[in-house]
Amino acid sequence: MLITLIIIAWLVFGMMAAFTLFYTKDQNHQVLGVTLSDAHAQTPEVQDMLSGYKRTCILLFLLSGGLSLLLLLPAFGSYVEFLLLMLVLANLFLNWFVVHKYQKKLQTLKKEKGWIYQQARIVTVDMNVVKEKGKAGISSIWVWLFLLLSFIPTVYLLFSPAIRELYPLGFSFIGPLSQLCMVFLYYQMLRSHSPALSKNTEVNKACARTLERIRTTGATLSALSMLVFWILFNFSILHFRNGIMIVLPVVVLVIALLIIAFWQQKKIRATEKYFFGPELKDDSHLFEQESMYKWGFYNNPNDPRLFVPKRIAGMGWTINIAHPAGKLMGFGILVLVLVALIPVFYGSAKDYVITEEGSQIIIDAAMYDLSIEKSQIVSVTTLDSLPQGSRTNGYGGANKSFGHFRLDGYGKCRLYIYHQGGKYIVLKLDGDNPAHVIVNGKTPEDTEALYQSIKEWVGK
């Protein structure tokens, strides 16, 4: 389990490193979110700065990965999930800090060199191009087909009652919801603005058709990658029940999306250069965009759009936090992140305590407290190892697991176990909800002492 968590952490570190490195080759003449012409971006001063930025990003990735390996040491065993989460959050913050630091350096360099472009954006629209929009993209039938196919796990669960006890039906709708987001992405890509920099309408049309094809192809491939991930992920959960096999589809999805984003970015830049090469040689088409972003988010009260393309080409869409609905969505996302993180912090930091009070055994655990009457206990036995099973509602960490589980041969169980506790104490209960409560101590010695204490208490 610990190895699986470290692999997930490396995946996060790798994603952040890839995103920050992509930031050096953005579209719309943005380098690290700072507006620069092609000529200015190629100057030795800027290139030296970007080289330092790339080295810092790679060093941060290696440092984070190296620190995560320290968690394999026994000294960190009790709170490894908490420490690993803190390391991931630190990595996210430091990546943001590196980007912010180098953005400031580039902005300072721009002022020193006098590389200041027009402040107001002049949008050139070729109405003949607008009339052609939506005719050159990949057919939308593919993303809708992928949406329908994402319901395969749901249909499987509907006809498999036994599997539904291990895999809640509601969980199966996450895939279709994700595919619905891919459908939204497709239509956003289809309706994306295409530059009209040439005085020749036919050149503008040709560029718009090519860009539309590239963008919708990227969206369709992203939807296909999401579908493949969802099918593989569900297959891994239902048939392998192995942490590595469950993480593998996630790794494949992230790699696929990064490759698609890189391909799309490269093709868009090459297309614009091919069609508008002469027009891009001067700075007349450039406009300053730094003032439109605040803390990394798009912030333009004069823009009526709620969703806008991210500054990193092909990386999807972001919200306009200056829009009233954008403020609400941003706050909601922040709340959801905190709600998701608090149980992990609390569950990994709090140990559970088992005490005997009168006619009850009291188990004090984070969010999963339990009281057991002595009259409910049918027998007290031990197990050398746990059978195969799955968590239905609870906490499963590298060093402890607790909450609602379903184990082969034992049915519905409540687990309160430490993975280094040696044996497991099985309390068979009268009834089947739960049928068994399985506990142990932090060490084999603690488990043996707890077993003897419970046996003596039950026998009184």
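Refer to the structure printed above.
A brief structural summary. Since the model is a prediction, treat every value here as computed from it, not as a measurement. (Residues numbered from 1 in each chain as written. Predicted model: local features only at pLDDT ≥ 70, side-chain atom pairs only at ≥ 80, totals over all residues. Heavy atoms only, no water.)

### Looking at the overall build of the protein
Secondary structure summary: the protein contains 13 helices and 15 strands in total. Across the 460 residues in the protein, those meeting the buried criterion constitute 44%. For the protein, long-range pairs separated by at least 24 residues make up 64% of all intrachain contacts whose partners lie at least 6 apart in sequence. When the accessible surface of the protein is totalled, it reaches about 24,100 Å², and 65% of it is carbon and sulfur. (Helix = DSSP H or I, 4+ residues; strand = E, 2+ residues; numbered from the N terminus. Buried < 20%, exposed > 50% of the residue type's maximum accessible area, 1.4 Å probe, protein only. Contact = heavy atoms within 4.5 Å. Areas by Shrake-Rupley, 256 points an atom, 1.4 Å probe, with all protein chains shown as cover.)

### A few points about the packing of helix 3 (residues 44-69) against helix 4 (residues 80-113)
Packing of helix 3 against helix 4 leaves a shortest axis separation of 11 Å and a crossing angle of 170°. Considering their axes alone, helix 3 and helix 4 lie roughly antiparallel with respect to each other. When helix 3 is examined against helix 4, the residues Glu45, Val46, Met49, Gly52, Tyr53, Thr56, Cys57, Leu60, Ser64, Leu67 and Ser68 are found in contact with a partner set consisting of Leu84, Leu87, Asn91, Leu94, Asn95, Val98, Val99, Tyr102, Lys105, Leu106, Leu109 and Lys113. (Axes fitted to C-alpha atoms, helices over the stretch in contact; angles between N-to-C directions. Parallel < 35°, antiparallel > 145°, perpendicular 65-115°, else oblique.)

### A look at the sheet that holds strand 9 (residues 370-373)
Pairing is antiparallel in the open sheet, where three strands are placed in the order 7-8-9. Each edge of the sheet is formed by a strand with only one pairing partner; in this case those strands are strand 7 (353-357) and strand 9. Adjacent strand axes in the sheet meet at a mean angle of 20° when their direction is disregarded. Pairing of strand 7 with strand 8 (residues 360-364) involves five bridges; the strand directions are antiparallel. By the bridge assignment for strand 8, Ile354 is matched with Ile363. Docked against the sheet, helix 13 (residues 444-459) engages strand 7, strand 8 and strand 9, running at close to 25° with respect to strand 7. (Pairing = 2+ DSSP bridges.)

### Let's talk about the pattern of salt bridges
A full pass over the atoms with the stated rule returns two salt bridges. Between Lys205 and Glu202 there is a salt bridge, with the nearest N and O atoms lying 3.9 Å from each other. With a gap of three residues between them, Lys205 and Glu202 both fall in helix 10 (residues 201-240), about one helical turn apart. (Salt bridge = Lys/Arg side-chain N within 4 Å of Asp/Glu carboxyl O.)

### As for a nonpolar patch on the surface
On the surface, Ile141, Trp142, Leu145, Leu149, Ile152 and Ile231 cluster together into a nonpolar patch covering about 520 Å² of accessible area. With four residues, the single largest contributor to the nonpolar patch is helix 6 (residues 141-149). Overall, Ile152 belongs to the partly exposed group, its relative accessible area being 45%. (Patch = residues over 30% accessible without salt bridge, like charges linked within 9 Å, V, L, I, M, F, W, Y side chains within 5 Å.)

### Looking at the packing of helix 6 against helix 9 (residues 174-190)
Put simply, helix 6 and helix 9 touch, their axes get as near as 9 Å, and they point 175° apart. The orientation of helix 6 with respect to helix 9, classified from their angle, is roughly antiparallel. Judged by residue contacts, Val143, Trp144, Phe146 and Leu147 of helix 6 engage Pro176, Gln179, Leu180, Val183, Tyr186 and Tyr187 from helix 9. Split by residue class, the contact of helix 6 with helix 9 holds nine nonpolar, one polar and no charged. (Nonpolar A, V, L, I, M, F, W, Y, C, P; charged D, E, K, R; others polar.)

### Points about the sheet that holds strand 11 (residues 389-396)
The six strands lie next to each other as 10-14-15-13-12-11, forming an open sheet whose pairing is mixed. Every other strand in the sheet has two partners, leaving strand 10 (377-383) and strand 11 as the edge strands with one partner each. Averaged over all pairs of adjacent strands, the angle between their axes in this sheet comes to 20°, without regard to strand direction. The pairing of strand 14 (residues 424-429) with strand 15 (residues 436-439) spans four bridges and is classified as antiparallel. By the bridge assignment for strand 15, Ile425 is matched with Val439.

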